[in-house]
Amino acid sequence: MAERYDLVIIGAGPAGYVAAEESASKGKRTALIENRELGGTCLNRGCIPTKTLLHSAELFGQIKSCGRLGIHVEQAEIRMDEVQARKEEVIGQLRSGIASLMKKNKVTVYEGTGTVLNRHTVLLHSVSEDGDNKTILETEKILLATGSVPAALPIPGADLPDVTDSDALLDRKEIYPSLTIVGGGVIGMEFASIYSALGCQVTVIEYLDRILANMDKEISQSLKMIMKKRGVEICTGARVEEIVQADGGRLICRYMEKEEKKETVSDGILIAAGRRANISGLFADVSAEEKLTDEEAANRLGIRIERGRIAVDENGQTDVPGIYAAGDVTGGVQLAHAASAQAVNAVAHMWGEQPVFDTSLIPGCVYTDPEIATVGLTQEEAKKQGLRVISKKYPMSANAKTVLTGQERGFIRVTADADTQKILGAQIMCARATDMISELADAIKNGLTLQQMAGVVRPHPTFAEAIGEAVKI
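Everything quoted here is computed from the prediction, not taken from an experiment.

**Student:** Run through the packing of aromatic side chains, naming residues and quoting values.
**Tutor:** Scanning all chains against the criterion turns up 1 aromatic pair. Where Y5 meets Y110, the ring centres are 6.3 Å apart and the plane angle is 90°; that geometry is what we call edge-to-face. Within this pair, whereas Y5 is found in strand β1 (residues 3-10), its partner Y110 is found in strand β3 (residues 108-111), the two being separated by 105 residues in sequence. Of the two residues, Y5 and Y110, both sit in the buried class. One residue, K28, lies across the ring of W351, its end atom 4.3 Å from the ring centre.

**Student:** Which residues make up helix α1 (residues 16-25), and what are the values?
**Tutor:** G16, V18, A19, A20, S23 and A24 are the residues of α1 that are buried. The inward-facing, buried residues of α1 abut β1, β2 (30-34), α4 (80-104), β6 (131-144) and α9 (336-350).

**Student:** Account for the sheet that holds strand β11 (residues 233-235), naming residues and giving values.
**Tutor:** With respect to topology, 5 strands assemble into an open sheet ordered β8-β15-β9-β10-β11, the strand pairing being parallel. Strands at the two margins of the open sheet, each flanked by one partner only, are β8 (163-164) and β11. Each of β9 (178-182), β10 (201-205), β11 and β15 (268-271) touches helix α6 (residues 186-197); the most contacted strand, β10, lies at about 165° to it.

**Student:** Summarise the nonpolar core; cite the residues concerned and give the values.
**Tutor:** Of all hydrophobic cores here, the largest spans 36 residues; its most connected members are I181, M189 and Y195. Put simply, the parts of the chain that give this core at least two residues each are α3 (47-64), α4, β9, α6, β10 and α7 (217-229). For this core, the element with the most residues is α6, which contributes 6 residues. Within the second largest apolar cluster, 28 residues are counted, among which are L361, A373, A416 and A470.

**Student:** Got a sec to walk through the pairing of strand β14 (residues 260-266)? Specific residues and values, please.
**Tutor:** Bridge analysis of strand β13 (residues 251-257) against β14 gives 7 bridges, and the strand direction is antiparallel. Bridging from a neighbouring strand, M256 pairs with K261 of β14.

**Student:** Report on the state of the cysteines, specifying residues and quantitative values.
**Tutor:** The tally for this structure, following the rule as stated, stands at 0 disulfides. Note on C200: no disulfide assigned, nearest cysteine sulfur contributed by C253 at a separation of 14 Å. C253 supplies the cysteine sulfur nearest to C235, a cysteine that is in no disulfide, at a spacing of 9.4 Å.

Conventions and cut-offs
Every chain is numbered on its own, with residues counted from 1 as its sequence reads. Under the rules for a predicted model, residues below a pLDDT of 70 receive no local features and side-chain atom pairs below 80 are neither given nor counted, while totals for whole chains, interfaces and linings still include all residues. Side-chain metrics rest on all non-hydrogen atoms present in the structure, leaving aside hydrogens and water. Aromatic pairing here means that ring centres of Phe, Tyr or Trp (its six-membered ring) are within 6.5 Å. Orientation follows from the plane angle: under 30 degrees is stacked, over 60 is edge-to-face, and everything else is tilted. Per the convention used, a helix needs a DSSP run of H or I reaching at least four residues, while a strand needs a run of E reaching at least two, with both numbered from the N terminus. Per-residue accessibility, obtained with a 1.4 Å probe over protein chains only, is compared with the maximum for each type, and a residue is labelled buried under 20%, exposed over 50%, and partly exposed between these values. By the criterion adopted, a ring carries a charge over it if an Arg CZ or a Lys NZ lies within 6 Å of its centre and within 35 degrees of its normal. What makes two residues a contact is simply this: any of their non-hydrogen atoms within 4.5 Å. We treat two strands as partners when DSSP finds at least two bridges between them. Where helices are involved, their axes are fitted lines through C-alpha atoms of the stretch in contact, as for all axes, and angles between N-to-C directions lie from 0 to 180°. We define a nonpolar core as any set of buried Ala, Val, Leu, Ile, Met, Phe, Trp, Tyr and Cys residues linked to one another through side-chain atoms lying within 4.5 Å. Pairs of cysteine sulfur atoms within 2.5 Å are what we label disulfides.

Below you can see the structure in the form of structure tokens.
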């Protein structure tokens, strides 16, 4: 006898568990399937563990340099096994919170792997002491929220010991004396911040002409200067050719930079090439006798896969009515808050309601030191759309909180429409940037002008008062 639900969700990350809560709150009988841990990549192998390690690393870096503040600490040391224990404590506490939330909302949580058989049927495969178990779940709607996995690069030697991805490096209990990072995107630069603060010699090799290439050019240049000042070597416009093991077990990473052959020698190598949608084993065509690829199985069911990602419309619905997808598995903006917003909107559409969130306006955050946060259009993007713009920049070196806390260089830039003065976008690079960006997102969403933003009294001394300075007419 099959179990029956209004909605079955596959994947319990920021899209899946948020959708489950939203669906159950509407009185819908909801099932949530997860083959690893509640919270998905973000909680267990991404946002939360990374930021927990960053917090410890930044505190360690501050302690080592606090002599200039009149505080002298003798023989400060970092114990990575204890840092890891703290990380697991944080993850465990948050994971327990999600479990309690699901129980409170009467969401049925299944441990196992979910496979879509058709638009109304999901096969649950679980493993117990009794062996393999298979259960059929019948459902009105399906939401696919299986997230992403680290992307691999076809580099000879990438399978050598101590060549790792971000998932494995997050669990490492020893600090590499030296680390080469292949990839200067968000993941690569956050790990560069962590390991350089821990005293590791870090080299970043980026294929494109600058780090954080999808962000404002000045942000990329400023972060590169700060990192180089801290001893991080950054090589851009560089293509990795191979990785080989040297005598003694160290790793040689050979690469081409401006047609010149170069190499690094380090104790570990992190491949930080981004992430790809996780559709492995998600679909099955029970009528097919031959072995199908994941994409072929999806296509047989009528679900379109584009460049390895599940294609959806503006409501998160696939080409099969009633089957939706949200989060990293759909590609696009691979951020936890974007996944949650997409999932809530998808649930609203399932039951004939209007979307809750404006997913065209997603803040982007990088948790380096200093933090980086952006939202809306850059000046260049606005001009490409044919808009006349005003661009206003405020240096954080003039901000009292920045000076008294000894922060690095940073700035706030706000772009507004020259005719209406409505704010179009903002870029922030400073301490607490990821907390401050929401004020600018709110302004853009609600069509606020520079004058309206400037009329707000903000407390002094704070980092946030710099927003008021940046929007002054």
